[in-house]
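A closer look at the structure
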Amino acid sequence: MSKGLVYKSTGSFYKVKIGNTFEECVLAGKYRLEGKRTTNPVAVGDWVELNTEKLPPVIETISPRKNYIIRKSVNLSKEAHILASNIDLVLIVASVAKPRTSTGFINRILVTAEAYGIPAAVVFNKADLQNAKETAATAELAEEFDFLGYTSFITDALSHQGVDALRTFLEDKTLLVIGHSGVGKSSLLNALDPMLNVKTGGISKKHNKGMHTTTFAEMHDTSFGARIIDTPGVKEFGLVDIQPADVSGYFPEIRELRKKCRFHNCLHLEEPGCAVKEALETGEIAAFRFQDYLNILETIFPK
Ligand SMILES: Nc1nc2c(ncn2[C@@H]2O[C@H](COP(=O)(O)OP(=O)(O)O)[C@@H](O)[C@H]2O)c(=O)[nH]1
Ligand SMILES: [Mg+2]
Ligand SMILES: [Zn+2]
């Protein structure tokens, strides 16, 4: 038996690093049967034990996961698809322009990362496309996220502005990169490590028209010790088993404050004696964060 780390999982074969070499492996029959309910029993980031006497090598056991992230299901089936496991960091790549990323998107991913107990960081890319006023607004936003515990970076992937600081921060971490198509994820990966040579320019229009793309998450080794999981075509993560009163617990600035609300299950809407609404009025909580909290509550639990 050999130990290996899964770098890619397509459902039919698995790219596994065993020692210093990559092998295309298959899954033992017992897992294929169990796998009927989850679309994919083995995820990128999984440590596995393999029988390398066989050709191709066979994955026999999956080691317990430190954590994992579920992919939001694209259809209405109850199937869960594990996107990646054993992650140290979720890196949200936002773009300040062309296309501009909403704070709503950033906050939704931050909430999901909190729910999974995984640290998160934010990159504001395409800094070169901003005027002075926009530059100041982005700096303010980055400062707010820093304050909340989400380390933030402002970058220009083309001129490599901010890329060295980002690389230092990412050293030796296993991270999952998420962000809309076209924000510069692939360009940033190439700026971080030119050896990666990831294709840029986004998904072709032909494939982008609401079709189910057949791209898979893939992990890349880097020269600076980070393992980077690229997630082409993944829009958002799925949340499991979350209750309305839980949502505010995934906002660090609300988590502590809400203990002072009169009702323990306060949703911070119209309830009397709400400490969160009070903090909003004094500016202790940022208005855009509270608005996004309301939006998330509404999205997950429509009235
Ligand atoms: N001006 C500018 N363009 C960028 C920057 N980063 C990426 N781009 C461009 O944006 C487009 C999409 O980049 P890509 O890396 O493929 O985005 P992805 O879909 O998130 O992987 C490409 O044309 C890149 O050249 C940046 O920091 N500044
Ligand atoms: Mg890309
Ligand atoms: Zn409240």
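Residues numbered from 1 in each chain as written. Chains lettered and ligands numbered in written order. Predicted model: local features only at pLDDT ≥ 70, side-chain atom pairs only at ≥ 80, totals over all residues.

1. So, the overall build of the protein chain
Let me state the cut-off plainly: Secondary structure elements follow DSSP: runs of H or I no shorter than four residues count as helices, runs of E no shorter than two count as strands, and numbering proceeds from the N terminus. Exposed residues have 12 or fewer other C-beta atoms within 10 Å of their own C-beta, buried residues have 20 or more, and residues in between are partly exposed; the C-beta atoms are placed from the backbone. Each residue is represented by a C-beta atom placed from its backbone, and any two residues with such atoms within 7 Å are regarded as in contact.
Looking only at helices and strands, the protein chain features nine helices and 14 strands. Sorting the 303 residues of the protein chain into buried and exposed places 35% on the buried side. The contacts in the protein chain between residues at least 6 apart in sequence include a share of 63% that link residues at least 24 apart.

2. Looking at the site of ligand 1
Selection criterion: The C-beta atom of each residue is placed using the backbone, and any residue whose C-beta lies within 6 Å of a molecule or strand is treated as near it. Charged means Asp, Glu, Lys or Arg here, nonpolar means Ala, Val, Leu, Ile, Met, Phe, Trp, Tyr, Cys or Pro, and polar covers whatever is left, Gly included.
Lining the immediate surroundings of ligand 1 are 18 residues, of which Ala157, Gly184, Lys185, Ser186 and Ser187 lie closest. At three residues, the largest contribution of residues to the shell around ligand 1 is made by helix 5 (residues 185-192). In the shell around ligand 1, the residues fall into four nonpolar, 10 polar and four charged.

3. A look at the packing of helix 2 (residues 103-116) against helix 9 (residues 287-300)
We count it as follows: A fitted line through C-alpha atoms serves as each axis, taken over the contacting stretch for helices, and the angle formed by two N-to-C directions is quoted from 0 to 180°. Angle categories are assigned with fixed cut-offs, so that under 35 degrees is roughly parallel, over 145 is roughly antiparallel, 65 to 115 is roughly perpendicular, and the rest are oblique. In this scheme the handedness of a crossing depends on how the near helix is turned from the far one: anticlockwise by less than a right angle means left-handed, clockwise means right-handed.
Contact pair helix 2 / helix 9: the axes reach a minimum separation of 10 Å and the direction vectors enclose 70°. By the criterion of interaxial angle, the relationship of helix 2 to helix 9 is roughly perpendicular. Note that helix 2 runs across helix 9; the crossing there is right-handed. Two secondary-structure elements touch here, helix 2 through Thr103, Gly104, Asn107, Arg108 and Val111 and helix 9 through Phe288, Arg289, Asp292, Asn295 and Ile296. Of the residues in the contact of helix 2 with helix 9, the class split is three nonpolar, four polar and three charged.

4. Brief notes about the confidence of the model for the protein chain
Heads up, the rule is: Known as pLDDT, the predictor's per-residue confidence is scaled from 0 to 100.
Mean pLDDT over the protein chain works out to 89, with 88% of the residues at or above the 70 mark. Of the regions scoring below 50 in pLDDT, residues 204-214 engages in five contacts with residues more than four places distant in sequence or in other chains.

5. Some details on the environment of Glu284
Along the chain, the position of Glu284 falls in the loop between helix 8 (275-282) and helix 9. The spacing of Glu284 and Glu253 is 31 residues in sequence and 8.7 Å in space, taken between C-alpha atoms.

6. Comments concerning helix 5
Counting buried positions along helix 5 yields seven of eight residues, so the element is predominantly enclosed. By the burial criterion, the buried members of helix 5 are Lys185, Ser186, Ser187, Leu188, Leu189, Ala191 and Leu192. On the buried face of helix 5, the contacting elements are strand 9 (89-95), strand 10 (120-125), helix 4 (163-170), strand 12 (174-178) and strand 14 (227-230).

7. A few points about unusual backbone geometry
Note that the residue after Leu55, namely Pro56, is joined by a cis bond; omega there is -5°. On the secondary structure map, Pro56 appears in the loop between strand 5 (47-51) and strand 6 (58-62). Cis geometry marks the peptide bond from Lys98 to Pro99, where omega comes out at -5°. Residue placement: Pro99 occurs in the loop between strand 9 and helix 2. Even without being glycine, Asn86 reaches a positive phi, approximately 55°. Owing to 19 C-beta atoms within 10 Å, Asn86 belongs among the partly exposed residues under this scheme. Residue His160 is not a glycine yet carries a positive backbone phi of 70°. Structurally, His160 can be placed in the loop between strand 11 (152-154) and helix 4.

8. Considering the pairing of strand 10
Regular strands show a simple pattern: their side chains alternate between the two faces of the sheet. Just so we agree on the cut-off: Two strands are said to pair when DSSP picks up at least two bridges between them. For the handedness criterion, the strands are oriented away from the viewer, and a crossover whose path from the first strand over the helix to the second runs clockwise is classed as right-handed.
With six of six residues buried, strand 10 is to be regarded as a mostly interior element. In the sheet, strand 9 pairs with strand 10 via six bridges, with the strands oriented parallel. What sits directly across from Val93, in strand 10, is Val123. The handedness of the strand 9 to strand 10 crossover, carried by helix 2, is right-handed. A crossover links strand 10 with its parallel partner strand 11, the connecting element being helix 3 (residues 132-147), and its sense is right-handed.

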